[in-house]
Amino acid sequence: MYKVGFDNDKYLQMQSARIKERINEFGGKLYLEFGGKLFDDYHASRVLPGFQPDSKLQMLLQLKDEAEIVIVISAEDIEKNKVRGDLGITYDQDVFRLIKEFESRGLFVGSVVLTKYNPAPKVLAFEEKMTEAGIKFYRHYIIEGYPTNTAAIVSDAGFGKNDFIETQRRLVVITAPGPGSGKMATCLSQLYHENKRGTKAGYAKFETFPIWNIPLKHPVNLAYEAATADLNDVNMIDPWHLQAYGETTVNYNRDVEIFPVLKATFDKIYDHCPYKSPTDMGVNMAGNCIFDDEAVSDASNNEIIRRYYSALVNKKRGAKNDEEIYKLELLMNDANLTVDSRKCVAVSKELAAKTGAPAAAIELANGKIITGKTSDLLGCASACLLNTLKELAGIDDVTLIDPDIIKPIQALKTDYLGARNPRLHTNEVLIALSISAVSDENAQRACDRLADLNNSEMHCSSMLSAVDERVIKKLGIRLTYLDE
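The structure presented is a predicted model; accordingly, all values stated were derived computationally and were not measured. (Residues numbered from 1 in each chain as written. Predicted model: local features only at pLDDT ≥ 70, side-chain atom pairs only at ≥ 80, totals over all residues. Heavy atoms only, no water.)

**Quick notes on the overall build of the protein chain**
Stage number 1. Within the protein chain, the secondary structure is distributed over 20 helices and 14 strands.
Stage number 2. Taking 484 residues into account, the globule formula puts the C-alpha radius of gyration at 23 Å, and the protein chain, at 25 Å, falls close to it.
Stage number 3. For the protein chain, with 484 residues in total, the buried portion stands at 53%.
Stage number 4. Sequence separation of 24 or more characterises 68% of the internal contacts of the protein chain that already satisfy a separation of 6 or more.
Stage number 5. Charge separation in the protein chain, taken as the distance between the mean sites of 58 positive and 68 negative side-chain charges, equals 2 Å. (Helix = DSSP H or I, 4+ residues; strand = E, 2+ residues; numbered from the N terminus. Rg over C-alpha atoms; globule rule 2.2 N^0.38 Å. Buried < 20%, exposed > 50% of the residue type's maximum accessible area, 1.4 Å probe, protein only. Contact = heavy atoms within 4.5 Å. Lys, Arg positive; Asp, Glu negative; His and termini not counted. Charge placed at Lys NZ, Arg CZ, Asp CG, Glu CD.)

**Examining the sheet that holds strand 6 (residues 137-139)**
Stage number 1. With parallel pairing, the six strands of this open sheet are ordered in space as 6-5-2-7-1-8. Edge positions in the sheet fall to strand 6 and strand 8 (201-206), since each of these pairs with one other strand and no more. Ignoring which end each strand starts from, the neighbouring axes of this sheet average 25 degrees apart.
Stage number 2. Note: strand 5 (residues 108-115) against strand 6, three bridges, orientation parallel. Bridging from a neighbouring strand, Val112 pairs with Phe137 of strand 6.
Stage number 3. Strands in contact with helix 6 (residues 121-133) are strand 2 (67-74), strand 5 and strand 6; relative to strand 5, the strand with the most contacts, it is inclined by about 165 degrees.
Stage number 4. Seen against the sheet, helix 8 (residues 183-196) touches strand 1 (29-34), strand 2, strand 5, strand 7 (171-175) and strand 8 and runs at an angle of roughly 170 degrees to strand 1. (Pairing = 2+ DSSP bridges. Axes fitted to C-alpha atoms, helices over the stretch in contact; angles between N-to-C directions.)

**Regarding helix 17 (residues 403-416)**
Stage number 1. The terminal C-alpha atoms of helix 17 lie 19 Å apart, and with 14 residues this matches the ideal 20 Å at 1.5 Å per residue to within 8%.
Stage number 2. Inspection of helix 17 places Ile406, Gln410 and Lys413 among the buried residues, and these make up the whole buried set. Summarising the axial view, the buried residues of helix 17 lie within an arc of 60 degrees, below the 170-degree limit, and thus occupy one face. Counted as exposed and oriented over 90 degrees from the buried face of helix 17: Asp404, Asp415 and Tyr416.
Stage number 3. Residues of helix 17 that are buried in the fold lie against helix 18 (426-436).
Stage number 4. Between the side-chain oxygen of the N-cap and the backbone nitrogen of Asp404 there are 2.8 Å, and the N-cap of helix 17 in question is Asp402.
Stage number 5. Gly418 sits one or two residues past helix 17 and shows a positive phi near 75 degrees. (Expected span 1.5 Å × (residues − 1). Arc of directions from axis to C-beta. Polar contact = N/O pair within 3.5 Å; in protein donor to acceptor, adjacent residues only side chain to side chain.)

**Digging into the environment of Arg22**
Stage number 1. When you line up the elements, Arg22 lands in helix 1 (residues 8-25).
Stage number 2. Residues Arg22 and Tyr203 lie 181 residues apart in sequence; the distance between their C-alpha atoms is 9.1 Å.
Stage number 3. Here Arg22 is in contact with Leu30, Ala204, Tyr275, Asp280, Met281, Gly282 and Val283, once residues within four sequence places are set aside.
Stage number 4. A distance of 3.0 Å separates polar atoms of two side chains, one belonging to Arg22 and the other to Glu25.

**A look at the sheet that holds strand 12 (residues 369-373)**
Stage number 1. Taken in spatial order, the four strands line up as 12-11-13-14 in an open sheet, and their pairing is mixed. Taken across any chain shown, the strands that pair with only one partner, and hence form the sheet edges, are strand 12 and strand 14 (477-481). Neighbour to neighbour, the strand axes of the sheet diverge by 15 degrees on average, direction disregarded.
Stage number 2. Relative to strand 14, strand 13 (residues 456-460) runs parallel, the two being bridged by five bridges. Considered in strand 14, the bridge of Met458 is made with Leu479.
Stage number 3. Here helix 15 (residues 343-355) sits on the sheet and contacts strand 11 (359-363), strand 12, strand 13 and strand 14; the angle it forms with strand 11, its principal contact strand, is near 150 degrees.
Stage number 4. Here helix 16 (residues 380-393) sits on the sheet and contacts strand 11, strand 12, strand 13 and strand 14; the angle it forms with strand 12, its principal contact strand, is near 140 degrees.

**Re the pattern of salt bridges**
Stage number 1. Tallied over the entire structure, the rule returns 33 salt bridges.
Stage number 2. Close ionic contact of Asp94 with Arg97 constitutes a salt bridge, the shortest N to O distance being 2.6 Å. Highlighted residues: Asp94 and Arg97, both in helix 5 (residues 91-104), separated by three residues, approximately one helical turn.
Stage number 3. Overall, the relative accessible area of 0% leaves Asp94 in the buried class.
Stage number 4. With a closest N to O distance of 2.8 Å, Glu457 and Arg306 form a salt bridge. One end of the pair, Glu457, is in strand 13; the other, Arg306, is in helix 13 (residues 293-316), and 151 residues separate them in sequence. As far as the burial class goes, Glu457 and Arg306 line up, both buried.
Stage number 5. When salt bridges that share partners are traced, they join Arg46, Glu303, Arg306, Arg307, Arg342 and Glu457 into one network. (Salt bridge = Lys/Arg side-chain N within 4 Å of Asp/Glu carboxyl O.)

**Remarks on the packing of aromatic side chains**
Aromatic rings in a pair are described by how distant their centres are and how their planes are angled relative to each other.
Stage number 1. Counted under the stated rule, the structure contains 15 aromatic pairs.
Stage number 2. Note on Phe209 and Tyr224: the rings are 6.3 Å apart at their centroids and 20 degrees apart in plane angle, and the pair reads as stacked. Of this pair, Phe209 sits in the loop between strand 8 and helix 9 (219-227) while Tyr224 sits in helix 9, and the two are 15 residues apart along the sequence.
Stage number 3. The buried category is assigned to Phe209, whose relative accessible area is 5%. (Phe/Tyr/Trp six-rings, centres within 6.5 Å; stacked < 30°, edge-to-face > 60°.)

Right, dumping it as C-alpha cells:
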C-alpha cells in the first residue's frame, strides 16, 4: 500500500535555509558537492514517499543567479559504458542530457571534469564530442595513495597535477550522473588550487543518503546500501562525530575514508579545519521531514527487494555480479526480509504454481492485489494490466478487448514480423484497448484509469521483454520480475 510519509514542503523550506546558512559561513567561495541526483531523484521518491524527484533542483533555482554547475564524470565509467539504471542511458550520454536540462531551466553549466583520467578510446571520443559541442572540460588524474597518503595528495604532485577548473560564480555546485564519480576529490582539488591563487574557498556536502539522524539499520539507510551494492558502499557510524561530540550519527565509508584528506586540506590552507567530522560537512535535513516512519520503512523494504531482483535479472543476462547479489542478500537479512515480503511477489508465485504457467500480480496504492495469468491471447503481464484497469474502473468481469481485434495483431506478429510468441505484449494490449475505446464504453472507462496505476507494485513470475518493462515503468508501476 502506498502512503505518503515525507513532508516535501517542509523539506524545501528547511533545506534551502540550511544551504544558505552554509554559504554565508564561507565569505568568499563555496564548493557544494551534490551527492545523488540533482533532479530525477527517483530513488529518493521511492523510499521517501512524498519526496518530489526535482526537490533539490527547486532549491538550487532559488540561488541560480550566484551559482554555476560543474558536472563530474569518471573516465573509468565512460570506458565501461556504465548505465543509469533508472533512465537506461550511459553516464556519458547523461552528461549531455544534464547540461541540456540545467540550461533549459536557466542554470549556468560552467564545465565538465573527467576524473581518474586515462586517454582510452571511448574517453577520447567523449572529449571530441564535448569539443564539437563547445563544452569546456578539464582532466583530473588518479593520485597514488589516495585517499590515505594525505601528504602526497595535498601537494603539487597530488592535487597540483590536476587541471584547475576556471569558475565564475561564488557558489559552485559539483554534481555527477551517479555515485563514485569523484565529486569530493574534485572539490578538494579546487580548494588546493584556489588557495595557491589567493582565493578563500570553502566546501560543504549535500547528500540525501544515508540519512545521518535516523538509525544505521533503518530501512531507508539499508535501501541506500542496496542502491549502491555494486559500488560496495557501506553505511557506518561516523567515528569522528562520535569522538568529537559523543553523538551517534550515520555516514558511509567513502566519506569517512576521505575525511582525513579534507581535514589535511583545510589544515594546510587555513591552519585549521572547520569540520570535526564527515557529518559536520553535510547540510542534509531529510531526516527531519519524515512524519510516518512506517510508510517510509515499507517503501524502503520494497526498494531493497526490487534491487535484489534487478541484480538477479542482470546476472541472468550475463552480468558478473555475484558479490553484488551476496551483499543484497545480507541487506535483506538485516532488514528481516524475504522476496515474499513483497506482497505482489508472494501472490504472483502462488498463482504461477497453481496454474503451471507464468503469472503476475499488481498491488494497488490502496493495498488491493489484482492478478493475471497466461492465456493463448495474452501474456500474464498484459492480462494483469487489463484486470487491474477493470478493477480501477469498477467494471464487471467482461471482455475489454474483443478477440477478433487481438487475433489479427497476433497474425501480424507471427506471420509477417517473425515473432514466435503470439501473445500480446503490454504495449500492444494498450493500443488494442485504445482502439476498442472508440466504440466500447467499458474500454474507454478502463483507458481513463491508466493514471491510477501510478505508485502501484507489480511482480511477474517470468522474464519480461524490454518493451514490457519500459511500458510498465512508464505507467508509474514499480516492477520486479524473474523466472520462478
